[in-house]
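Listed below are the residues making up each chain.
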Amino acid sequence: MDRTSHIGEKPKLIDQFGRQITYLRLSVTDRCDLRCVYCMKARPEFLPKADLLSLEELTVLCDAFIARGVTKIRLTGGEPLVRKDILTLIDNLGARIGCAGLKELCLTTNATQLPRYAMRLAEAGIKRLNVSLDTLDPEVFSLLTRGGKVEQTLAGIAAAKAAGLHVKINAVAMKNRNDTHLPDLIRWAHGEGHDVSLIEVMPVGDVGADRSTQFVSLLDMRRQFEAFWTLTDLADDTGGPSRYVQVKETGGRLGFISPLTGNFCAGCNRVRMTCTGELFMCLGQNGSVDLRRALREGGPGEVDRLLDLAMATKPLQHEFDVTPGAKTAVARNMARTGG
Ligand code: SAM
Ligand code: SF4
């Protein structure tokens, strides 16, 4: 494989299995204004604020990734829009779109802060948002988020639409919680012009529940949908893990993110960095490198050296197990690694 295309250009990030890394997910904070039952405990321990990288340091590290061929950066968390002065980072990275190799900056959010931020995100160059919404039912939403208000999320989605942002709704399928609500959520979202992706719950982090009590197979859900909808597989490649179908009756696109029933690791093009500069090569494995130390003690050359080390150690795939009594794949929760 050609690892450089121009003289003087830095080598691309290609892992030990020949997969090129073009997508960085950056968790800018592990804090959040909701407490989703599949994501974190009711009283989580957050990373010490003193350990956080500054927004300027995050920008420098993003530049290091862009120089090595990363073309897409997703800001996530925790809730990215609760990080203080987050617009500084968004403006910095937005200014890199279209030059320096960055093609897209996007965001995953619970939408609670969007009434305040949507227009500014659009001005900064963001075009697409993933918004997490698991149900339209206020009581079930409150149960799943431990106290969230669905009206607030819906107001955020409306603000994003008004700002011209393309919204994709992400919903985690939860056994006996929201699984029977999903057809209504999909009909509503498609009616509003939003794509939807359903996600299988993953055993990352201790959330105080056996994951087998939460897990629903999306293969089974798809079969249930086929009893009343006509689903046609689409070849769309969004660069993410969703496999899309067109729903004839609603006229919208529906994605299935099925890490358990349809492992997608062979085409993995991403890595994840925490707000403290830990770079994880896989959501479901423990291997990491410390980019904060590399940046602060060694500078850009050391950051590049650790990126090469990361590529040599990126595992082939996760080993998630949601059978009753199975151990959690990794101790850190989704908010820390960045979903
Ligand atoms: N707070 C933002 C949000 O909820 O959109 C961004 C961070 S959140 C960790 C990113 C995504 O991870 C959300 O779509 C959420 O539903 C999903 N998620 C969290 N924990 C999960 C788990 N254990 N299994 C599957 N998806 C999970
Ligand atoms: Fe917060 Fe997102 Fe995790 Fe829910 S899924 S607790 S909104 S970080």
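Rules behind the numbers
Residues numbered from 1 in each chain as written. Chains lettered and ligands numbered in written order. Predicted model: local features only at pLDDT ≥ 70, side-chain atom pairs only at ≥ 80, totals over all residues. Heavy atoms only, no water. Helix = DSSP H or I, 4+ residues; strand = E, 2+ residues; numbered from the N terminus. Rg over C-alpha atoms; globule rule 2.2 N^0.38 Å. Buried < 20%, exposed > 50% of the residue type's maximum accessible area, 1.4 Å probe, protein only. Contact = heavy atoms within 4.5 Å. Areas by Shrake-Rupley, 256 points an atom, 1.4 Å probe, with all protein chains shown as cover. Lys, Arg positive; Asp, Glu negative; His and termini not counted. Charge placed at Lys NZ, Arg CZ, Asp CG, Glu CD. Near = heavy atom within 4 Å. Nonpolar A, V, L, I, M, F, W, Y, C, P; charged D, E, K, R; others polar. Disulfide = S-S within 2.5 Å. Core = buried A, V, L, I, M, F, W, Y, C linked by side-chain atoms within 4.5 Å. Pairing = 2+ DSSP bridges.

Enquirer: Account for the overall build of the protein, naming residues and giving values.
Expert: Each helix and strand in the protein was counted, giving 10 helices and 12 strands. Over its C-alpha atoms the protein spans a radius of gyration of 19 Å, differing by no more than 12% from the 20 Å that the globule rule assigns to 339 residues. Principal axes of the C-alpha set define a box for the protein whose edges measure 55 × 45 × 40 Å. For the protein, buried positions account for 54% of its 339 residues. Long-range contacts, defined here as pairs at least 24 residues apart, represent 71% of the contacts in the protein between residues at least 6 apart. Carbon together with sulfur atoms contributes 52% to the accessible area of the protein, which is approximately 14,600 Å² in total. A gap of 2 Å separates the mean positions of the 44 positive and 40 negative side-chain charges of the protein.

Enquirer: Can you break down the site of ligand 2 residue by residue, with the values?
Expert: With respect to spatial proximity, the complete set of residues near ligand 2 consists of Cys-32, Leu-34, Arg-35, Cys-36, Cys-39, Met-40, Gly-78 and Asn-110. Within the shell around ligand 2, the residues separate by chemical class into 5 nonpolar, 2 polar and 1 charged.

Enquirer: If you had to explain the state of the cysteines to someone new, which residues and values would you point to?
Expert: Considering all chains together, one arrives at 0 disulfides under this definition. Residue Cys-106 stays outside any disulfide, its sulfur separated by 12 Å from that of Cys-62, the closest cysteine. There is no disulfide at Cys-282, and the cysteine sulfur nearest it, in Cys-265, is 6.0 Å away. A relative accessible area of 11% means that Cys-282 is categorised as buried.

Enquirer: Talk me through the nonpolar core; I want residue IDs and the actual numbers.
Expert: Counting residues in each nonpolar core, the largest one holds 75 residues, and the members touching the most others are Ile-90, Leu-121 and Leu-279. Looking at this core element by element, the count peaks at 7 residues for helix α1 (residues 55-67). Contact partners of Leu-121, with chain neighbours within four places excluded, come to Leu-81, Leu-87, Ile-90, Leu-107, Leu-114, Ile-126, Leu-129 and Leu-165. By size, the runner-up hydrophobic cluster in this structure holds 24 residues, among which are Val-140, Val-204, Phe-215 and Phe-264.

Enquirer: Before we move on, can you summarise the pairing of strand β10 (residues 270-273) with the specific residues and values?
Expert: Burial along β10 is two-sided: Arg-270 and Arg-272 and Val-271 and Met-273, pointing in opposite directions, are all buried. Pairing between strand β1 (residues 23-27) and β10: 4 bridges, direction parallel. From the neighbouring strand, Tyr-23 faces β10, where its bridge partner is Arg-270. Judged from the 2 bridges that link them, β10 and strand β11 (residues 278-280) form a sheet pairing that is antiparallel. Within β11, the position partnered with Arg-272 by the bridge is Phe-280. Two successive antiparallel strands, β10 and β11, enclose a turn made up of 4 residues, where Gly-277 displays a positive phi of approximately 85 degrees.

Enquirer: Tell me about the environment of Val-271, residues and numbers included.
Expert: With respect to the helices and strands, the residue Val-271 is situated in strand β10. Since its relative accessible area comes to 1%, Val-271 is described here as buried. Those residues in contact with Val-271 that lie beyond four places of it in its chain are Ile-21, Tyr-23, Leu-24, Arg-25, Phe-65, Leu-279, Phe-280, Met-281 and Met-311.

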